[in-house]
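So you can see what is in the structure, the chains are spelled out below.
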Amino acid sequence: MPSSSNNFHVLVLGGTTEASALCRYLEQEPSISATLSLAGVTKQPHLPTLSVRIGGFGGTDGLSTWLKTHAINAVIDATHPFAATMSQHAATACAATQIPLLRLERSGWQEMLGDTWLHTANLAEAANLLANSQKWNTAPQRIFLTTGRKELAPFKIAPQHHYLIRSIDAPNPASLPLHATILLDRGPFDVQNEAKLMQDHGITLLVSKNSGGSATYPKLEAARLLHIPVLMIDRPAACPNIPTVETAQHAMAWLQAHQAASTRRKV
Ligand code: NAP
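Note that this is a predicted model, so its numbers are computed, not measured. (Residues numbered from 1 in each chain as written. Predicted model: local features only at pLDDT ≥ 70, side-chain atom pairs only at ≥ 80, totals over all residues. Heavy atoms only, no water.)

1. Overview of the overall build of the chain
Cut-off, in case you're wondering: Helix and strand assignments come from DSSP, with helices taken as H or I runs of at least 4 residues and strands as E runs of at least 2, each series counted from the N terminus. Radius of gyration: over C-alpha atoms. The globule rule applied is 2.2 Å multiplied by the number of residues raised to the 0.38 power. Only protein chains enter the accessibility calculation, which uses a 1.4 Å probe; a residue whose area is less than 20% of its type maximum is buried, one above 50% is exposed, and one in between is partly exposed. Every residue pair with non-hydrogen atoms within 4.5 Å of one another is taken to be in contact. Here, Shrake-Rupley sampling with a 1.4 Å probe gives the accessible areas, and only protein chains in the shown set may cover a residue. Only four residue types enter the charge count: Lys and Arg as positive, Asp and Glu as negative, with His and the chain ends excluded. By convention, the point assigned to a charge is CZ for Arg, NZ for Lys, CD for Glu and CG for Asp.
When helices and strands are tallied, the chain shows seven helices and twelve strands. Relative to a compact globule of 267 residues, whose C-alpha radius of gyration would be 18 Å, the chain shows 20 Å and is just as compact. The principal-axis extents of the C-alpha atoms in the chain amount to approximately 70 × 35 × 35 Å. Put simply, the chain has 267 residues, and 47% of those count as buried. In the chain, of all internal contacts separated by at least 6 residues, the share reaching a separation of at least 24 is 67%. Total accessible area on the chain stands at roughly 13300 Å², and carbon and sulfur atoms take up 55% of it. Charged side chains of the chain number 21 positive and 18 negative; the gap between the two group centres comes to 6 Å.

2. Quick notes on the domain arrangement of the chain
Applied cut-off: Each domain span listed reflects an automatic or database assignment of domains. We call two N or O atoms a polar contact when they sit within 3.5 Å, provided that within protein one can donate a hydrogen and the other can accept it, with sequence-adjacent residues counted only if both atoms are side-chain atoms. Gly is placed with the polar residues, together with every amino acid not listed as nonpolar (Ala, Val, Leu, Ile, Met, Phe, Trp, Tyr, Cys and Pro) or charged (Asp, Glu, Lys and Arg).
Structurally, the chain comprises domain 1 (8–107 + 238–266) and domain 2 (117–233). In this structure, domain 1 and domain 2 have C-alpha centres spaced 31 Å apart. Each partner contributes to the interface: domain 1 provides ten residues, whereas domain 2 provides eleven residues. One can count seven residue pairs in polar contact (both at pLDDT 80 or more) joining domain 1 with domain 2. Along the lines of polarity and charge, the residues of the side of domain 1 that touches domain 2 split into three nonpolar, five polar and two charged.

3. Re the packing of aromatic side chains
The following threshold applies: Within 6.5 Å between ring centres, the rings of Phe, Tyr and Trp (the latter by its six-membered ring) count as paired, and their orientation is classed by plane angle as stacked under 30 degrees, edge-to-face over 60, tilted in between. Should the NZ of a Lys or the CZ of an Arg lie within 6 Å of a ring centre and within 35 degrees of the ring normal, that charge is described as sitting over the ring.
Scanning all chains against the criterion turns up three aromatic pairs. Summarising the aromatic geometry, the rings of Trp109 and Tyr217 are spaced 5.9 Å apart at their centres and angled 45 degrees between planes, so their arrangement reads as tilted. One end of the pair, Trp109, is in the loop between β5 (101–104) and β6 (117–120); the other, Tyr217, is in the loop between β10 (205–209) and α6 (218–225), with 108 residues separating them in the sequence. Across this residue pair, the class does not change: Trp109 and Tyr217 are buried. Stacked on the ring of Phe57, the Lys or Arg Arg53 has its end atom at 3.8 Å from the ring centre. The residue whose ring lies beneath Arg166 is Phe189, and the NZ or CZ to ring-centre distance is 3.6 Å.

4. Concerning the pattern of salt bridges
For clarity, the threshold we go by: Definition used for salt bridges: Asp or Glu carboxyl oxygen within 4 Å of a side-chain nitrogen of Lys or Arg.
Scanning the model with the defined rule gives eight salt bridges in all. Measuring nitrogen to oxygen at the nearest pair gives 3.1 Å for the salt bridge that ties Arg103 to Asp77. Residue Arg103 is located in strand β5, and its partner Asp77 is located in strand β4 (residues 74–77); the two are separated by 26 residues in the primary sequence. Judged by its relative accessible area of 7%, Arg103 is buried. Salt-bridge contacts for Asp115 lead to Arg224; the nearest nitrogen and oxygen are separated by 2.7 Å. Here Arg224 lies in helix α6 and Asp115 lies in the loop between β5 and β6, a separation of 109 residues in the sequence. Of the two residues, Asp115 and Arg224, neither departs from the other in class, the shared state being buried. Among the charged side chains, a network of salt bridges with common partners joins Asp77, Arg103, Glu105 and Arg235.

5. Observations regarding the packing of helix α2 (residues 59–69) against helix α3 (residues 84–97)
The description of two packed helices rests on the angle between their axes and on the distance between the axes. Heads up, the condition is: Between N-to-C directions, angles cover 0 to 180 degrees, with each direction set by a line fitted to C-alpha atoms, over the stretch in contact for helices. Any angle that is under 35 degrees is reported as roughly parallel, and any over 145 degrees as roughly antiparallel; angles of 65 to 115 degrees are reported as roughly perpendicular and all others as oblique. Put simply, a crossing is left-handed when the front helix is turned counterclockwise from the back one by less than a right angle, and right-handed when it is turned clockwise.
Packing of α2 against α3 brings their axes to within 9 Å, and their N-to-C directions diverge by 50 degrees. When the interaxial angle is binned, α2 and α3 end up oblique. Crossing of α2 against α3: the hand is right-handed. On the side of α2, the interface is formed by Gly59, Thr60, Leu63, Ser64, Leu67 and Lys68, while α3 contributes Met86, His89, Ala90, Thr92, Ala93, Cys94 and Thr97. Counted by class, the contact of α2 with α3 contains six nonpolar, six polar and one charged residues.

6. What to know about the pairing of strand β8 (residues 162–167)
Our working definition: What makes two strands pair is DSSP finding at least two bridges between them.
When you tally the buried positions in β8, you get six out of six residues, the bulk of the element. With burial as the criterion, each face of β8 is covered, one bearing His162, Leu164 and Arg166 and the other bearing Tyr163, Ile165 and Ser167. By the bridge criterion, four bridges tie strand β7 (residues 142–145) to β8 in an arrangement that is parallel. Following the sheet pairing, Arg142 is matched in β8 by His162.

If you want it as structure tokens, here you go:
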């Protein structure tokens, strides 16, 4: 529960570097009472000294109830660019409860000179290309698959390839494609080590979501250096009409403006 000594309460929907950065600002801002919400996906998350709740809210209705019960004044949706369900739930619940919502989302990566990116709309389309496209169906690849441990099962439809899979926690063995090597590691990573890893494993193709940010960008720099093509999974569409900022600092400024407006309304 947020502390009752201050009366501007914010819910931060987290699970990203940006959410962690915002929490560090909020730790220094005693006039705003904050709760960080995590889905509970990572077994040992880095936690702030703020109030933390873990686990789903039970859909849009559950979130609306939670926001009202905890007298939340503002919500920051700082979930991952690919956490589209949570963002949609936040948009719907905040509209229903008339609570201001801000999206904190890092910008996506842009293709640069020297990159060879093939864009796909989603995970299923990427897996389907690997399984059925003329380019890859009879040409087994050594793939560095960096989509996250929860998103491996679609690639079972392309068992002719070998997959190097890196994740923070071990994936469910039942979700793995036939030929898989697992590497447990947590970023940030640097370009030299990424290039060495790809060379050591004879990688011929990198599969990545367009997550953005600096922590996992070195894999793309390494792919550029080694002339390794990238199957890039584009971001899901953003919720329309939600104000959006890219940095924790800007989110903090938005919160302070809302807190000031809320104080003015009370006097
Ligand atoms: P999702 O598909 O958008 O959400 C699925 C369900 O998980 C939501 O409906 C919600 O359950 C619960 N949930 C998601 N984020 C939550 C949060 N911050 N607090 C409480 N409940 C949450 O989300 P996802 O893609 O599985 O991502 C889960 C978490 O991992 C998010 O916090 C996200 O920021 C983080 N993450 C995701 C990715 C990625 O690539 N998707 C990468 C890095 C980190 P209810 O409906 O029951 O409320």
